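As a plain string of letters, each chain reads:
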Amino acid sequence: FNALNSIQGLVRRRDTASAERYLDNFSRLMQESLRTGNTEMISLDKELKMLESYMELEKLRFNFHYSVQVCGTINPHTTEIPTLLLQPLIENAIRHGISGLYDQGLLRLEIGAHGNDLQIDVIDNGKGFDVGAASHSVPSDRRGYGIQLTRERSQLLSDLHPAQPVTLTIRSGADGTTATMRFKNWLI
């Protein structure tokens, strides 16, 4: 929905060239999402390609910078993660963290190994927010469902695979926000 809103904004500004590029990128992203959306797991490599496509779409509108770093001990072609689990974290970091910063905005996606655990951090340099009050500070008709659905999905994955629990923690402050997905015993 946010991508469609971005396209609408470009059309309103009569930025036809950007709108056409955005639509082309959006259609490729949608095709890949539909192709993989019914699968429970996806290689980290394929998930990162979809996330980078999404970040490129949003970059057309907000002109931020991003980086993706994968620890050298992790093979992104053979490591699998739940499909589309990270996208809401990236979307939140862009929309609520760095969208207003434009070329000063920085989004980092860092994938690391901690023993047998896979850890994925989504880090933005936005203004941050009060994590405890965040859900209450937004009117109920304007709250997004991405983070809540990600929390619920993480809990469901943990319930289904108790030896490999998945957790989501969010830390936020004046220098930005970090959302951390921890996949326990994932790299065995």
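Residues numbered from 1 in each chain as written. Predicted model: local features only at pLDDT ≥ 70, side-chain atom pairs only at ≥ 80, totals over all residues. Heavy atoms only, no water.

Right, let's get into the nonpolar core. Counting residues in hydrophobic clusters, the biggest one holds 42 residues, and the most contacted among them are Ile90, Ile94, Leu107, Ile120 and Met181. Broken down by element, the residue count for this core peaks at eight residues, all from helix H3 (residues 44–62). In this view, Leu107 contacts Met55, Phe64, His65, Tyr66, Ser67, Ile90, Ala93, Ile94, Ile98, Val122, Ile123 and Asp124; residues no more than four positions away in its chain are not counted. (Core = buried A, V, L, I, M, F, W, Y, C linked by side-chain atoms within 4.5 Å. Buried < 20%, exposed > 50% of the residue type's maximum accessible area, 1.4 Å probe, protein only. Helix = DSSP H or I, 4+ residues; strand = E, 2+ residues; numbered from the N terminus. Contact = heavy atoms within 4.5 Å.)

A few words now on the side chain of Asn25. By the element assignment, Asn25 lies in helix H2 (residues 16–36). Looking at Asn25, the relative accessible area reads 19%, which means it is buried. Excluding anything up to four places from it in sequence, Asn25 contacts Leu57 and Leu60.

What follows concerns the pairing of strand S6 (residues 166–173). In terms of strand pairing, S6 meets strand S7 (residues 176–183) through eight bridges, oriented antiparallel. The residue of S7 that forms the bridge with Gly173 is Gly176. Hairpin connection from S6 to S7: two residues lie between these consecutive antiparallel strands. (Pairing = 2+ DSSP bridges.)

This next bit is on unusual backbone geometry. The phi torsion at Asn63 lies on the positive side, around 55°, for a residue other than glycine. Note that Asn63 resides in the loop between H3 and strand S2 (65–70).

On to the packing of H3 against helix H4 (residues 87–98). Between H3 and H4, the least distance of the axes is 11 Å, while the angle of their chain directions is 15°. It follows that H3 is roughly parallel to H4 by the angle criterion. As H3 packs across H4, the resulting crossing turns out to be right-handed. Between H3 and H4, the contacting residues are Leu51, Tyr54, Met55, Glu58, Arg61 and Phe62 on the first element and Gln87, Ile90, Glu91, Ile94 and Arg95 on the second. Here the residues of the contact of H3 with H4 are counted per class, giving six nonpolar, one polar and four charged. (Axes fitted to C-alpha atoms, helices over the stretch in contact; angles between N-to-C directions. Parallel < 35°, antiparallel > 145°, perpendicular 65-115°, else oblique. Left-handed = near helix turned anticlockwise from the far one by under 90°. Nonpolar A, V, L, I, M, F, W, Y, C, P; charged D, E, K, R; others polar.)

Counted at 1.5 Å a residue, the expected span for helix H6 (residues 146–160) with its 15 residues is 21 Å, and the 21 Å between its end C-alpha atoms agrees. Within H6, burial applies to Ile147, Thr150, Ser154, Leu157 and Ser158. Axial view of H6: buried residues confined to an arc of 100°, hence all on one face. Turned more than 90 degrees off the buried face of H6, the exposed positions are Leu149, Asp159 and Leu160. Those residues of H6 that are buried lie in contact with strand S3 (80–82), H4, S6 and S7. (Expected span 1.5 Å × (residues − 1). Arc of directions from axis to C-beta.)

A few words on the environment of Pro165. Structurally, Pro165 can be placed in the loop between H6 and S6. When the C-alpha atoms of Pro165 and Phe183 are compared, they prove to be 6.2 Å apart, with 18 residues separating the residues in sequence. Setting aside its immediate chain neighbours within four residues, Pro165 contacts Ser158, Arg182, Phe183 and Lys184.

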